[in-house]
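Tertiary structure, described
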Amino acid sequence: MVPVQVGGDGVASGPRLGVEEEFLLVDPVSRCVVPGAGAVVGRAAARLGSRVSGEITTLHVETKTDPTSSVRELVEQLVQARRVVAECAAVDGLRVVATGTSVLPGAMAPPVTQGPRQERGTATFRGLHDELAICALHVHVELPDRERALLVSNHLRAYLPLLMAVTANSPYWEGRDSGYASWRSMVWPRWPVAGPPPRFTSVAHYERVVEMLSAAGAIVDPGTLFWDIRPSVAHPTLEVRVADVPVSAWESGLVAALVRGLVVRALEAVDRGDHGPELAGEWLRAAYWRAARDGLEGALLEVGSGRLRPAREVLGEVVAWLAPVLRAGGDEDLVREFSGRLLAVGSGAVRQRGAAGRRGRLTDVVDFLVAQTAVDARQPV
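Let me sum up the structure you'll find in this document. (Residues numbered from 1 in each chain as written. Predicted model: local features only at pLDDT ≥ 70, side-chain atom pairs only at ≥ 80, totals over all residues. Heavy atoms only, no water.)

1. Some thoughts on the packing of helix α8 (residues 249-271) against helix α11 (residues 332-345)
At a minimum axis separation of 9 Å, α8 and α11 run at an interaxial angle of 125°. Overall, the two elements α8 and α11 adopt an arrangement that is oblique. As for how α8 packs across α11, the hand of that crossing is left-handed. Of the residues in α11, those in contact with Trp 250, Glu 251, Leu 254, Ala 257 and Leu 258 of α8 are Val 335, Phe 338, Ser 339, Arg 341, Leu 342 and Val 345. Partitioned by chemical class, the residues of the contact of α8 with α11 number eight nonpolar, one polar and two charged. (Axes fitted to C-alpha atoms, helices over the stretch in contact; angles between N-to-C directions. Helix = DSSP H or I, 4+ residues; strand = E, 2+ residues; numbered from the N terminus. Parallel < 35°, antiparallel > 145°, perpendicular 65-115°, else oblique. Left-handed = near helix turned anticlockwise from the far one by under 90°. Contact = heavy atoms within 4.5 Å. Nonpolar A, V, L, I, M, F, W, Y, C, P; charged D, E, K, R; others polar.)

So this is what it looks like as structure tokens:
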């Protein structure tokens with residue numbers, strides 16, 4: 001069982017957490033995505049060690065944090081990693097951007113890294129590999145008891161549309177405005193095992209589902225279980241994968257704090273014998289679509305009633321509901337600051353469109369993202 005500290009008010013303050021952020025490399029002249037991850041990762045690894053790696057394509061660089069109980073420390077690690085990766089990319093004349101999808105054309109059929117696993121993936125998923133120039137944020141919360149992790153996952157499914165809306169940062173795809181706040185969230189569910197996970201009743205149930213998917217040829221290995229919540233393959237954690245990579249590190253910190261708070265609240269419910277609500281598949285599908293289309297500035301489908309509620313209002317209510325947990329972990333002030341900042345500046349999608357709207361040029365969106373990565377890397381938490 002995860003060691004959970006208890007604050008003075010008797011509220012569990014939480015397990016450790018960690019974050020993975022994915023970035024794209026771009027050419028500063030053309031502003032298009034370009035390969036070059038191998039050299040950048042090699043250089044960055046000399047400074048970050050295992051906290052940096054490549055991804056499925058040579059357009060991507062991924063950074064990771066070490067496990068920590070402090071959201072402030074988590075953001076400090078993210079800021080440091082962004083700075084190091086940006087500096088290492090600059091050696092090759094490249095820049096780093098934090099966006100859920102590529103802004104300009106050139107991202108289709110990206111170069112996939114080489115290896116037997118990648119070859120099996122290409123043989124299995126075929127044309128789906130043509131749309132891999134997408135970047136996500138993954139939040140890990142320490143939860144080695146897999147049975148409890150799966151029951152917690154049942155509770156978290158209802159909050160996935162909110163987390164999607166909060167992090168919506170991919171309005172553009174291949175040189176056009178998709179009309180969505182998170183186009184990545186529309187591309188990714190095309191995979192056979194992606195989107196919200198099923199409601200699981202036990203580890204045995206989970207293993208039966210995985211066995212069936214494997215027998216159907218829908219996965220290459222457990223690492224290609226791409227559900228938006230899953231027990232991590234490599235770590236004793238529950239991994240939440242629904243989010244676009246945010247523009248700024250502090251936004252990733254906000255999402256990590258919210259996810260951990262939701263996990264702690266869900267653990268309380270699981271330990272009371274509540275194994276999570278039954279959510280209709282059609283409701284989740286519609287809720288995903290609304291969140292992806294309109295983001296933080298739109299409306300979300302309310303769990304149970306199906307009513308539309310302003311996403312900003314729902315975020316405020318969830319932060320208030322999590323306040324005792326956040327307070328016990330020492331995160332309440334930081335989360336209120338970060339959520340207030342997000343509501344003031346708007347979602348990543350709004351900021352990207354704002355950059356495009358000033359002169360009507362998508363190259364300005366890439367320049368905004370490059371500049372924001374540089375600014376973010378210099379900022380104290």
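2. Details of helix α5 (residues 160-167)
Most of α5 sits inside the fold, with eight of its eight residues counted as buried. Among all positions in α5, only Leu 160, Pro 161, Leu 162, Leu 163, Met 164, Ala 165, Val 166 and Thr 167 are buried. (Buried < 20%, exposed > 50% of the residue type's maximum accessible area, 1.4 Å probe, protein only.)

3. Some words on the packing of helix α1 (residues 37-48) against helix α2 (residues 71-91)
Close contact between α1 and α2 brings their axes to 9 Å; oriented N to C, the two are set at 140°. In terms of axis orientation, α1 runs oblique to α2. When you trace α1 past α2, the crossing you get is right-handed. Of the residues in α2, those touching α1 at Val 40, Arg 43, Ala 44, Arg 47 and Leu 48 are Gln 80, Ala 81, Val 84, Val 85, Glu 87, Cys 88, Ala 89 and Val 91. Across the contact of α1 with α2, the residue classes break down as nine nonpolar, one polar and three charged.

4. Points about the nonpolar core
By size, the foremost hydrophobic cluster in this structure holds 73 residues, and its most contacted members are Val 152 and Leu 156. With 13 residues, the single largest contributor to this core is α8. Ignoring sequence-local partners within four residues, the contact set of Val 152 consists of Leu 143, Leu 238, Val 263, Ala 266, Leu 267 and Val 270. Formed by 38 residues, the second largest nonpolar core is a distinct cluster that contains Leu 24, Val 33, Ala 37 and Cys 135. (Core = buried A, V, L, I, M, F, W, Y, C linked by side-chain atoms within 4.5 Å.)

5. Overview of the pairing of strand β7 (residues 136-142)
In regular strands, side chains alternate between the two faces of the sheet. Burial within β7 is extensive, with seven of its seven residues counted as buried. When strand β3 (residues 17-26) meets β7, the two strands line up antiparallel, connected through five bridges. Residue Val 19 lies in a different strand from β7, and its bridge partner there is Val 139. Looking at chain direction, β7 and strand β13 (residues 237-244) are connected through six bridges and run antiparallel. Bridging across to β13, Ala 136 finds its partner in Asp 244. (Pairing = 2+ DSSP bridges.)

Keep in mind these numbers describe shape, not what the thing actually does.
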